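Okay, here's what each chain looks like letter by letter:
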Amino acid sequence: MGLAGNVLQRKLTRAGIARSPLPDTDFVGQTFARQIEKGLRPLVKTTIGATLVEARVAKVSEAIQGVSVPAMLGVVEIDGAKAQGLVILESDLAFHLTDLMLGGDPSAAATPVARSFTPIDHALCRLAEDVALTALAEALGAAFGRPLLGRFAVVSQQQDVTQVRFAPLHGDVLVYNLALDMGPAARTGALRLFLPLALLDVICARLADKAVAAPVEEANDLWRVQM
């Protein structure tokens, strides 16, 4: 058993990273950033810029290592899919969004304070998370040339990524990392989006051309949809 266990462990360690099923991962990320700018501007009532810093596929266990604690974590689901994703507002971003939405001066370079989040923080950041999910749906629709059937929603909010089980640790996840700056003082913060490939497979099947025209007995055949 010891030898067999060691062999299995080595195989799992060497397992490669799968490719993103999206037709153009970078395009989706760039469009996602532009739509976030558009959606957050009315909330913070100042200029805002979003830059796509990273778009890559990684193991969940690796991806979560770079997430600070605390961070505003929104567990994401889409209608009809069991797989979940994660939208993350890093602590600095959550601080600035909350401050600006409560009337803070965008021209003042306020210093973020690391602390546990209050119910007010959760409620205000939920608005920003909803903006991010709307931006994601619009970016996916632009990539496929048709609107996404189904709605993304935050089903729970957490603060410690080590206590969230949104996907298996050995699973593959598409990571989008965005840097945001807000107002004349250029307040900065990071937004991350973790989309397990199992969730993206469901989304791509819904958006693919053949998924619409396929007979009922073939509509759920993912291999046929992708081919």
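Notes on the structure in this doc start here. Just so we're clear, the structure is a prediction, and the values are computed from it rather than from any experiment. (Residues numbered from 1 in each chain as written. Predicted model: local features only at pLDDT ≥ 70, side-chain atom pairs only at ≥ 80, totals over all residues. Heavy atoms only, no water.)

**So, the pattern of salt bridges**
Pairs can form between side chains of opposite charge once their charged atoms are near each other.
So, point 1. Applying the stated criterion across every chain yields a total of eight salt bridges.
So, point 2. Arg-34 is the partner of Glu-37 in a salt bridge, and the nearest nitrogen-oxygen pair spans 2.9 Å. Placement of both Glu-37 and Arg-34 in helix α2 (residues 25-44) is noted, with a separation of three residues, approximately one turn of the helix.
So, point 3. On the basis of relative accessibility, which here comes to 13%, the residue Glu-37 falls in the buried class.
So, point 4. For Arg-56, the salt bridge goes to Glu-54, with nearest N and O atoms at 2.5 Å.
So, point 5. Residue class for Arg-56 comes out partly exposed when judged on its relative accessible area of 29%.
So, point 6. Exposure remark for Glu-54: the relative accessible area of 24% places this residue in the partly exposed category.
So, point 7. Residues joined by salt bridges that share partners form a network here, namely Glu-54, Arg-56 and Glu-62. (Salt bridge = Lys/Arg side-chain N within 4 Å of Asp/Glu carboxyl O. Helix = DSSP H or I, 4+ residues; strand = E, 2+ residues; numbered from the N terminus. Buried < 20%, exposed > 50% of the residue type's maximum accessible area, 1.4 Å probe, protein only.)

**Some details on the nonpolar core**
So, point 1. In terms of nonpolar packing, the biggest core is built from 52 residues, with Phe-32 and Leu-178 touching the most fellow members.
So, point 2. Counting residues per element, this core draws most heavily on helix α5 (residues 119-144), at 11 residues.
So, point 3. When residues no more than four places from it in sequence are discounted, the contact partners of Phe-32 are Ala-132, Ala-135, Leu-136, Ala-139, Leu-178, Leu-191 and Leu-193.
So, point 4. Residues Ile-64, Leu-86, Val-164 and Val-173 belong to the second largest nonpolar core, which totals 16 residues. (Core = buried A, V, L, I, M, F, W, Y, C linked by side-chain atoms within 4.5 Å. Contact = heavy atoms within 4.5 Å.)

**Some remarks on the environment of Ala-114**
So, point 1. With respect to the helices, strands and loops of the structure, Ala-114 is situated in the loop between α4 (91-101) and α5.
So, point 2. For Ala-114, a relative accessible area of 69% puts it in the exposed group.

**Focus: unusual backbone geometry**
So, point 1. Here the residue pair Val-69 and Pro-70 is connected by a cis peptide bond, since its omega of 5 degrees sits within 30 degrees of zero.
So, point 2. One can find Pro-70 in the loop between α3 (60-63) and β2 (72-78).
So, point 3. Positive phi, close to 55 degrees, is recorded for Lys-45, a residue that is not glycine.
So, point 4. Its location among the elements puts Lys-45 in the loop between α2 and β1 (48-59).
So, point 5. A positive phi is found at Ala-186, a non-glycine position, where the angle reads about 55 degrees.

**Remarks on α2**
So, point 1. The first and last C-alpha atoms of α2 sit 28 Å apart over 20 residues, in line with the 28 Å expected at 1.5 Å per residue.
So, point 2. If you check which residues of α2 are buried, you get Thr-25, Val-28, Gly-29, Thr-31, Phe-32, Ala-33, Ile-36, Glu-37, Leu-40 and Val-44.
So, point 3. Two residues or fewer after α2 comes Lys-45, characterised by a positive phi angle close to 55 degrees. (Expected span 1.5 Å × (residues − 1).)

**Let's talk about the environment of Ala-198**
So, point 1. The residue Ala-198 is located in helix α6 (residues 197-207) in this model.
So, point 2. Here the alpha-carbon distance between Ala-198 and Val-173, two residues 25 residues apart in the chain, equals 8.4 Å.

**Describing the packing of α4 against α5**
A pair of packed helices is captured by two measures, namely the crossing angle of their axes and the spacing between those axes.
So, point 1. For the pair α4 and α5, interaxial distance at closest approach is 9 Å and the crossing angle is 95 degrees. In terms of their interaxial angle, α4 and α5 are classed as roughly perpendicular. Here α4 contributes Ala-94, Leu-97, Thr-98 and Met-101 to the contact with α5, which in turn contributes Asp-121, Leu-124, Cys-125, Leu-127 and Ala-128.
So, point 2. When its residues are assigned to classes, the contact of α4 with α5 shows seven nonpolar, one polar and one charged. (Axes fitted to C-alpha atoms, helices over the stretch in contact; angles between N-to-C directions. Parallel < 35°, antiparallel > 145°, perpendicular 65-115°, else oblique. Nonpolar A, V, L, I, M, F, W, Y, C, P; charged D, E, K, R; others polar.)

**Notes on the packing of aromatic side chains**
So, point 1. Counting across every chain of the model gives two aromatic pairs.
So, point 2. Plain terms: the ring middles of Phe-32 and Tyr-176 are 6.2 Å apart, the flat faces sit at 40 degrees to each other, and that makes the pair tilted. Of this pair, Phe-32 sits in helix α2 while Tyr-176 sits in strand β5 (residues 172-182), and the two are 144 residues apart along the sequence.
So, point 3. On the accessibility criterion, Phe-32 (0% relative accessible area) is buried. (Phe/Tyr/Trp six-rings, centres within 6.5 Å; stacked < 30°, edge-to-face > 60°.)

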